[in-house]
Amino acid sequence: MKVPDTQLESSALAPYAMHSSNSTGRQHPEDAHPYRGPFQRDRDRVVHSSAYRRLAHKTQVFTGDMGDYHRSRLTHTLEVASIARTVGRALCLNEDLIEAMALMHDIGHPPFGHAGEDVLNDCTQSCGGFNHNAHALRIVTLLESRYPGFPGLNLTNEVLSGQATRSNKSAPSSEQPLLEVQVVDAADSIAYDTHDADDALELGLLDVKELLGVSLWYDAAKRVQDRYTSLSTEQLRRAAIHQLIETLVSDLIDTTRLRLTDAQVDSPADVAAHADFLVAPSAEFREKKTELEEFLFERVYRHPTVLAERSVAGAALREMFERFSATPQLLPGTATSQMAEKDVARSVCDFLAGMTDRHALEEYRNGVNY
Ligand code: MG
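Along each chain, the written sequence defines residue order, and numbers are assigned to residues from 1. Predicted model: local features are reported for residues with pLDDT of at least 70 only, side-chain atom pairs are reported and counted for 80 or more only, and whole-chain, interface and lining totals are derived from all residues. Only heavy atoms go into the side-chain values, all of them from the structure, while hydrogens and water stay out.

## Topic: the coordination of the magnesium ion
Perfect tetrahedral coordination of a metal by four donors corresponds to 109.5 degrees between them, and perfect octahedral coordination by six donors corresponds to 90 or 180 degrees.
Part 1 of the reasoning: Donor selection uses N, O and S atoms within 2.8 Å of the metal (3.2 Å for Na, K and Ca). Since no water is included, sites may look incomplete. The coordination sphere of the magnesium ion, as far as protein atoms go, consists of His76 (NE2), His105 (NE2), Asp106 (OD) and Asp188 (OD), spread over 2.2 to 2.4 Å.
Part 2 of the reasoning: Sequence spacing of the donor residues for the magnesium ion, all on one chain, is H-x28-H-D-x81-D. Taken together, the residues Asp106 in the loop between α5 (95–104) and α6 (113–123) and Asp188 in helix α9 (residues 179–202) connect sequence positions 82 residues apart.
Part 3 of the reasoning: Residue exposure (1.4 Å probe, protein chains only): buried if accessible area is under 20% of the type maximum, exposed if over 50%, otherwise partly exposed. Classification of Asp188 by relative accessible area gives buried; the value is 8%. By definition, any uninterrupted DSSP run of H or I lasting at least four residues is a helix, any uninterrupted run of E lasting at least two residues is a strand, and each is numbered from the N terminus.

Written out as structure tokens, the structure reads:
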């Protein structure tokens, strides 16, 4: 029997959740699907996009040359979606919207992680610069070409405005984003704080003893040791990571529930009008997360091995940008002879940003051998 999506949602979702029936639709209007809600369709469109598939071969923090244990941009994305759905379900929010947003949240990342982003931003200053969050919007509204009826993926306005919030984080906003958007943001932070520590330990960039000086890690390791007395270092490390995620997620859910009650939030309009994000850790855990993040920044993101990889990858990308800008006819399938200079820069940037790490390295080596 067909159960209308909206009927399921009205019984399962909280009044402050984003209900599909209240969606303002898409830029290019489409008929409702017989058995998939609008946010399910968004999720499916993201999963079937080529930009999403390419996340499998894009750097999160550590490049492919450093091993095969650590997270890629795709597995980071899946961890974010997993955590975000857990939080969303506990708070009776719209999981389909959360999943669609989580799966697309990093789709705009270029090859080589933040090193790639910094280089592309530097190279495109004449035409507005480069930011992975803004580029994600460009991909899903313009660059993906999969449907005959419209450019991009024609996602719902809710998903697009959620992503726009991510790209305008520093801009003052009179309205807070939907709770579903806030959940993805918080889940992203929990995912990278925990998996970057795990990856750095596995890669030998960090020692467990060093992490014991960080209170979140110390507490997680202690809770594991209280339960299991004879774990190997590796078993303890892995269990501590899981404990850390559990602790952070539990705090996030409990704190958010209290805030929603205290603020008497009863609708998405109440969420928008609230002074601040409602989905956020408690003051205690915010402080502890900051301590962990500062530690990771100093000891992992600025580790000489990571900096050396970043520097080599960044230089390769910059050289390719210059090469394609000087000879735009090398860009695939583009009529470039009449192109204005700033269009050339944006086209080169789009092309390079879409590359996986390995495609970029291959292209770079090919270019060197011209
Ligand atoms: Mg992310």
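## Quick word on empty space enclosed by the protein
Part 1 of the reasoning: The rule is simple: put a 1 Å grid over the protein atoms alone, call a set of points where a 1.4 Å probe fits but cannot get out a cavity, call an open set with protein on both sides within 12 Å along at least five of seven lines a pocket, and count a residue as lining if it has an atom within 4 Å of a point. Grid points are joined across faces, edges and corners, and a volume is the space filled by probe spheres set on the points. Per the counting criterion, the structure on display carries 1 cavity of 30 Å³ or more.
Part 2 of the reasoning: Taken together, Gln27, His28, Val140, Thr141, Pro151, Asn154, Leu155 and Leu160 make up the full set of residues lining the largest cavity.
Part 3 of the reasoning: Three classes are used, and their members are as follows: Ala, Val, Leu, Ile, Met, Phe, Trp, Tyr, Cys and Pro are nonpolar, Asp, Glu, Lys and Arg are charged, and the others, Gly among them, are polar. Broken down by class, the residue content of the lining of the largest cavity amounts to 4 nonpolar, 4 polar and no charged.

## As for the packing of helix α11 (residues 215–227) against helix α12 (residues 233–262)
Part 1 of the reasoning: Orientation of α11 relative to α12, taken along the N-to-C sense of each, is 115 degrees, at an axis distance of 8 Å. Classified by the interaxial angle, the pair formed by α11 and α12 is roughly perpendicular. In the packing of α11 onto α12, the handedness of the crossing is right-handed. Here α11 contributes Leu216, Trp217, Ala220, Ala221, Arg223, Val224, Gln225 and Arg227 to the contact with α12, which in turn contributes Leu236, Arg237, Ala239, Ala240, Ile241, Gln243, Leu244, Thr247 and Leu248.
Part 2 of the reasoning: In terms of residue class, the contact of α11 with α12 is built from 11 nonpolar, 3 polar and 3 charged. Interaxial angle, 0 to 180 degrees, is taken between N-to-C directions of lines fitted to C-alpha atoms, where a helix line uses only the stretch in contact. An angle below 35 degrees is treated as roughly parallel, one above 145 as roughly antiparallel, one from 65 to 115 as roughly perpendicular, and anything else as oblique. In a left-handed crossing the near helix is turned counterclockwise from the far helix by less than a right angle, and in a right-handed crossing that turn is clockwise. Pairs of residues are marked as contacts when any of their non-hydrogen atoms sit within 4.5 Å.

## Side note on α11
Part 1 of the reasoning: With 13 residues, α11 extends 19 Å between its outermost C-alpha atoms, agreeing within 8% with the 18 Å of an ideal straight helix rising 1.5 Å per residue.
Part 2 of the reasoning: Against the buried residues of α11 lie α9, α10 (208–211), α12 and α14 (283–301). Take the number of residues in a helix, subtract one, and multiply by 1.5 Å to get its expected span.

## Topic: the nonpolar core
Part 1 of the reasoning: Residues Leu211 and Trp217 are the most contacted members of the largest nonpolar core, which totals 77 residues.
Part 2 of the reasoning: If sequence neighbours within four positions are ignored, Leu211 has contacts with Ala197, Leu201, Leu206, Trp217, Tyr218, Leu292 and Phe295.
Part 3 of the reasoning: Grouping buried Ala, Val, Leu, Ile, Met, Phe, Trp, Tyr and Cys residues that are joined through side-chain atoms within 4.5 Å yields what is termed a nonpolar core. Phe130, Ala353, Met355 and Ala360 belong to the second largest nonpolar core, which has 21 residues in total.

## Observations regarding the pattern of salt bridges
Part 1 of the reasoning: The salt bridge definition used is simple: a Lys or Arg side-chain nitrogen within 4 Å of an Asp or Glu carboxyl oxygen. Evaluated as defined, the whole model comprises 28 salt bridges.
Part 2 of the reasoning: Arg36 is the partner of Asp44 in a salt bridge, and the nearest nitrogen-oxygen pair spans 2.7 Å.
Part 3 of the reasoning: Residue Glu79 is joined to Arg71 by a salt bridge in which the shortest nitrogen-to-oxygen separation is 2.8 Å.
Part 4 of the reasoning: Residue classification places Arg71 among the buried residues on the basis of a relative accessible area of 12%.
Part 5 of the reasoning: Linked through salt bridges whose partners overlap, the residues forming this network are Arg71, Glu79, Asp198, Asp199, Glu202, Glu234, Arg237 and Arg238.

## Observations concerning the environment of Val344
Part 1 of the reasoning: Along the polypeptide, Val344 turns up in helix α16 (residues 341–354).
Part 2 of the reasoning: Along the primary structure Val344 and Thr327 are separated by 17 residues, whereas in three dimensions their C-alpha atoms are 9.6 Å apart.

## Quick notes on unusual backbone geometry
Part 1 of the reasoning: The phi dihedral of Phe112 is positive, around 65 degrees, even though this residue is not glycine.
Part 2 of the reasoning: With respect to the element layout, Phe112 can be found in the loop between α5 and α6.
Part 3 of the reasoning: On the basis of relative accessible area, Phe112 is assigned to the buried category, the value being 6%.

## Some words on the packing of aromatic side chains
Part 1 of the reasoning: Between 30 and 60 degrees the pair is tilted, below 30 it is stacked and above 60 it is edge-to-face, where a pair is any two Phe, Tyr or Trp rings, Trp via its six-membered ring, whose centres lie within 6.5 Å. Enumeration over the complete set of coordinates arrives at 2 aromatic pairs.
Part 2 of the reasoning: Ring geometry for Phe324 against Phe351: centres 5.3 Å apart, planes inclined by 80 degrees, an arrangement best described as edge-to-face. Here the residue Phe324 occupies a position in helix α15 (residues 304–326), and Phe351 occupies one in helix α16, the gap between them amounting to 27 residues.
Part 3 of the reasoning: Two conditions define a charge located above a ring, namely a distance within 6 Å from the ring centre to NZ of Lys or CZ of Arg, and an angle within 35 degrees of the ring normal. Above the ring of Tyr147, the side-chain terminus of Arg45 is found at 5.2 Å from the ring centroid.
Part 4 of the reasoning: Here the guanidinium or amino end of Lys288 rests over the ring plane of Phe285, the centre of that ring lying 5.3 Å away.

Bear in mind that shape data such as this cannot, by itself, settle questions of function.
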